Amino acid sequence: MIRFHHVSKDYPKGVALKDVSLHIAKGEFVFLTGHSGAGKSTMLKLMYGALRPTVGDVRVSGFNIGTLTPSEIPRLRRRLGIVFQDFRLLEDRTAEENIAFALEVTGARADAIPARVMRALTQVGLAAKAHAYPQELSGGEQQRVAIARALINDPTILLADEPTGNLDERATRGVFQLIREINATGTCVVMATHDLDLVKQTTYRTVEIRDGSVVFDSGQDDADAEEEMA
Amino acid sequence: MRLLLREAFMTFRRAPLLSALSITTIGFSLYAVGLFALVAVNLREALRIVEQRVEVVAYLLRGTPAETIAQASQDIAAFPEVQRVTFVSEDEALKRARAELVEFRDAYRDLSVNPLPASLEIQLKDGFRDAQHTAAVADRLRGYGFIDDIRYGREWIEKLDRLRNIAGVVGLTIGLAFAAVAVVIIGVTIRITVLQRASEISIMRLVGATNGFIRGPFLVEGAIKGLLGGMVAILLSYGTYLLFRGQIELATSGIVFLKSAQLALGIVFGVAIGLGGSLVSVGRHLRNV
């Protein structure tokens, strides 16, 4: 599903990733942990094609990120759901419109959109707030709208970059539970977080990044170990 | 298509102030171009009217037979530069002199012998009314033995030539400068509206919108703004024209307004800048994320 093969990423200011190899299987739930600036976001950006590896090979859902053409980027992203710490909702559109928007850009049939949007809103528990604007919603609710938007195209992979970073404890629990439920339906989840309490609650695979290198991987199997040695 | 128009019009609804501001900016930038065009067109019109007076007059020797004159008139009328040849007889010349030269009316009144010669007045075609062509026609006329003298106001025509050249060069330079300024101002205006929606563009990219899909509404929006701005400019220019129409007189008539083809060109210019500006501005954002 996702494979990093000896990946390094250099920025003009310095090195963000150093020789990272990682394999994430279909349906897996993986935490990416580490301090700010450790390289978590860089890894996620490589996964959704916002960055290209300087060295090495990144494959996501059959796409080779290093050789991604401009027309392949939208196709890759339609297979992914992406969630951010700052929600990234369009402030001038209602919850419903924000979600519908993600369907419209993919050219979905107009008459099928309202039902699908309502289903997604129901799934994240916000059916009653369909007509609310982002500023009328709490942080937790906004993140649920963002998650509903990420799910609307039935992605095989959900990438979440600190999705609970801006939320209080109660909202964090709710959003995390929602993400776990999504994973339970078979969607692969990669969640970057530095909330170690959250990580400790579960037995999900944890990959710790420090200074651009993988320093710990609780799910590392023999094959990956070989890659690490090579 | 429906979605494209909805997204394009949404900006006007959701940011009415900014939209109105950018249309006004585009309108005034094009208005400056329009005003200049108005001046240029009227200058040219004035020159054209003056040019119509360019003619070569060939004075004929006394006693030239009428058949010879008629034959020569036909020959001269066949010159490629010549539009019309008019024969003015001695009597007609005198009649005209009496009518036009009021100061000398007394001198012309009781003449026993008409001192004025007959002449051929030769009008040149549009495009040949310059010093070079006029001189060429005059040279050829000198070949006719019965032609005594040729007048065509050489210095005056040379001055007119210079004026025409200066008007052309200055017009082109200033016109281009105005157009360039309009392009820059409109480009910046559109860039601001795109910048305001930078986050929207990045979100569209993240949810898998193609570049074409993202560009579409911005292009439509830019084109509409260019169109409306162009119309604002035309209204302002027309208002200015009405204001000055009664006050400025050209050589023989009042000032003229731009022709519909020129107005259409202005609108096309506005739409093109709107489209181009949007394309460039959005393009910058499409390279990120």
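Reading the values: rules and limits
Residues numbered from 1 in each chain as written. Chains lettered and ligands numbered in written order. Predicted model: local features only at pLDDT ≥ 70, side-chain atom pairs only at ≥ 80, totals over all residues. Helix = DSSP H or I, 4+ residues; strand = E, 2+ residues; numbered from the N terminus. Rg over C-alpha atoms; globule rule 2.2 N^0.38 Å. Buried ≥ 20, exposed ≤ 12 C-beta atoms within 10 Å, placed from the backbone. Contact = placed C-beta atoms within 7 Å. Nonpolar A, V, L, I, M, F, W, Y, C, P; charged D, E, K, R; others polar. Pairing = 2+ DSSP bridges. Axes fitted to C-alpha atoms, helices over the stretch in contact; angles between N-to-C directions. pLDDT = per-residue confidence, 0-100. Core = buried A, V, L, I, M, F, W, Y, C linked by C-beta atoms within 7 Å. Right-handed = clockwise from strand over helix to strand, strands pointing away. Left-handed = near helix turned anticlockwise from the far one by under 90°. Parallel < 35°, antiparallel > 145°, perpendicular 65-115°, else oblique.

Asker: Requested: an account of the overall build of chain A, with residues and values cited.
Answerer: Of the regular secondary structure elements, chain A holds 8 helices and 10 strands. Taken over the C-alpha trace, chain A has a radius of gyration of 18 Å; the compact-globule value for 230 residues is 17 Å, and the two agree within 12%. Here the C-alpha coordinates of chain A stretch approximately 55 × 40 × 35 Å along the principal axes. The 230 residues of chain A split such that 42% are buried. In chain A, 70% of the contacts between residues at least 6 apart in sequence involve partners at least 24 apart.

Asker: Explain the overall build of chain B to me, and be specific about the residues and the numbers.
Answerer: What chain B contains, in helices and strands, is 10 helices and 4 strands. In chain B, the order of α-helices and β-strands from amino to carboxyl end is α-α-β-α-β-α-α-β-α-β-α-α-α-α. Its C-alpha atoms give chain B principal-axis dimensions of about 100 × 35 × 30 Å. Across the 289 residues that make up chain B, the buried fraction comes to 25%. Taking the contacts inside chain B whose residues are at least 6 apart along the sequence as the reference set, 85% of them involve residues at least 24 apart.

Asker: Can you break down the interface of chain A and chain B residue by residue, with the values?
Answerer: At the interface, 14 residues of chain A touch 13 residues of chain B. Within the residue set of the side of chain A that touches chain B, elements represented by two or more residues are α2 (72-78) and α3 (95-104) of chain A. Per element, the largest residue contribution to the side of chain A that touches chain B is 3 residues, and it comes from α2 of chain A. For the side of chain A that touches chain B, a count of residues per class yields 7 nonpolar, 1 polar and 6 charged.

Asker: Give me the lowdown on the sheet that holds strand β4 (residues 55-60) of chain A, citing residues and values where you can.
Answerer: Residue and element names in this part refer to chain A. Pairing is antiparallel across the open sheet formed by 4 strands, whose spatial order is β2-β1-β4-β5. Since the sheet does not close on itself, it has two edges, and those belong to β2 (14-24) and β5 (63-64), each with one partner. In this sheet, β2 lies alongside strand β1 (residues 2-11) in antiparallel orientation, the contact comprising 7 bridges. Considered in β2, the bridge of Lys9 is made with Leu17. Here helix α1 (residues 40-47) sits on the sheet in contact with β1, β2 and β4, set at roughly 120° to β1.

Asker: Now, about the sheet that holds strand β9 (residues 205-210) of chain A: what can you tell me, with residues and values included?
Answerer: All names here are of chain A. Taken together, the 6 strands give an open sheet; going across it, the order is β6-β7-β8-β3-β9-β10, and neighbouring strands pair in mixed fashion. Only two strands of the sheet have a single partner each, and these edge strands are β6 (80-84) and β10 (213-217). In this sheet, neighbouring strand axes are inclined to one another by 20° on average, regardless of whether the strands run parallel or antiparallel. In this structure, strand β3 (residues 29-33) lies alongside β9, joined through 4 bridges in parallel fashion. Bridging from a neighbouring strand, Thr33 pairs with Glu208 of β9. Contacts from helix α5 (residues 139-151) reach β6 and β7 (157-161) within the one sheet, and its direction differs from that of β6 by about 165°. Sheet strands touched by helix α6 (residues 169-184): β3, β7 and β8 (188-192). Its angle to β8, the strand with the most contacts, is close to 150°.

Asker: Quick one: what's the story with the confidence of the model for chain B, residue by residue and with numbers?
Answerer: Residue and element names in this part refer to chain B. On average, residues of chain B score 84 in pLDDT, and 96% of them are at 70 or above. Mean pLDDT in chain B bottoms out at helix α5 (residues 105-109), which sits at 69, and peaks at strand β3 (residues 119-124), which reaches 91. Scoring of the predicted complex yields 0.71 for pTM and 0.84 for ipTM.

Asker: I'd love a proper account of the nonpolar core, names of residues and values included.
Answerer: One finds Leu32, Met47, Ile99, Ala148, Leu159, Val189 and Val190 of chain A to be the most contacted residues of the largest nonpolar core, which totals 94 residues. Among residues more than four places away in sequence, those in contact with Leu32 of chain A are Lys40, Met43, Val190, Met191, Ala192, Val207 and Ile209 of chain A.

Asker: Describe the environment of Glu97 of chain A, listing the residues and the values that go with them.
Answerer: Considering the arrangement of structural elements, one finds Glu97 of chain A in helix α3. Taking the C-alpha atoms as reference, Glu97 of chain A lies 25 Å from Ala50 of chain A; in sequence the two are 47 residues apart.

Asker: Requested: an account of unusual backbone geometry, with residues and values cited.
Answerer: Residue and element names in this part refer to chain A. One non-glycine residue, Arg88, adopts positive backbone phi at about 55°. On the secondary structure map, Arg88 appears in the loop between β6 and α3. Although it is not a glycine, Asp211 sits at a positive phi angle of roughly 50°. Positionally, Asp211 belongs in the loop between β9 and β10.

Asker: Can you break down α1 of chain A residue by residue, with the values?
Answerer: Residues and elements named next belong to chain A. Counted residue by residue, α1 has 7 buried out of 8 residues, so it is predominantly covered. For α1, every residue scored as buried is listed here: Lys40, Ser41, Thr42, Met43, Leu44, Leu46 and Met47. Immediately downstream of α1, the backbone of Gly49 shows phi near 75°, a positive value.

Asker: Can you lay out the pairing of β7 of chain A for me, pointing to particular residues and giving the numbers?
Answerer: Residue and element names in this part refer to chain A. Of all 5 residues making up β7, 5 are buried, and the element is well covered by its neighbours. Residues of β7 alternate between two faces, with Ile157, Leu159 and Asp161 on one and Leu158 and Ala160 on the opposite face, all of them buried. Alignment of β6 against β7, held across 5 bridges, turns out to be parallel. In the strand pairing of β7, Ile82 is matched with Leu159. Bridge analysis of β7 against β8 gives 5 bridges, and the strand direction is parallel. Residue pairing for β8: Ile157 is matched across the bridge by Cys188. Running through α6, the crossover from β7 to the neighbouring parallel element β8 is right-handed.

Asker: Pulling in residues and values, what's your account of the packing of helix α9 (residues 211-245) of chain B against helix α10 (residues 260-286) of chain B?
Answerer: Residue and element names in this part refer to chain B. Where α9 contacts α10, the axes come no closer than 7 Å and their chain directions differ by 150°. You can see that α9 and α10 cross each other, and the crossing is right-handed. For the contact of α9 with α10, the class distribution of residues is 15 nonpolar, 10 polar and 3 charged.

Asker: I'd like a description of the packing of α3 of chain A against helix α4 (residues 113-123) of chain A, backed by residues and values.
Answerer: Residues and elements named next belong to chain A. Where α3 contacts α4, the two axes come as close as 9 Å, and the packing angle between them is 120°. By the angle between their directions, the pair α3 and α4 is classed as oblique. Considering only the axes of α3 and α4, their crossing is right-handed. The segment α3 lies against α4, with Ala95, Glu96, Ile99, Ala100, Leu103 and Glu104 engaging Ile113, Arg116, Val117, Ala120 and Leu121. Looking at the contact of α3 with α4 residue by residue, the class counts come to 8 nonpolar, no polar and 3 charged.

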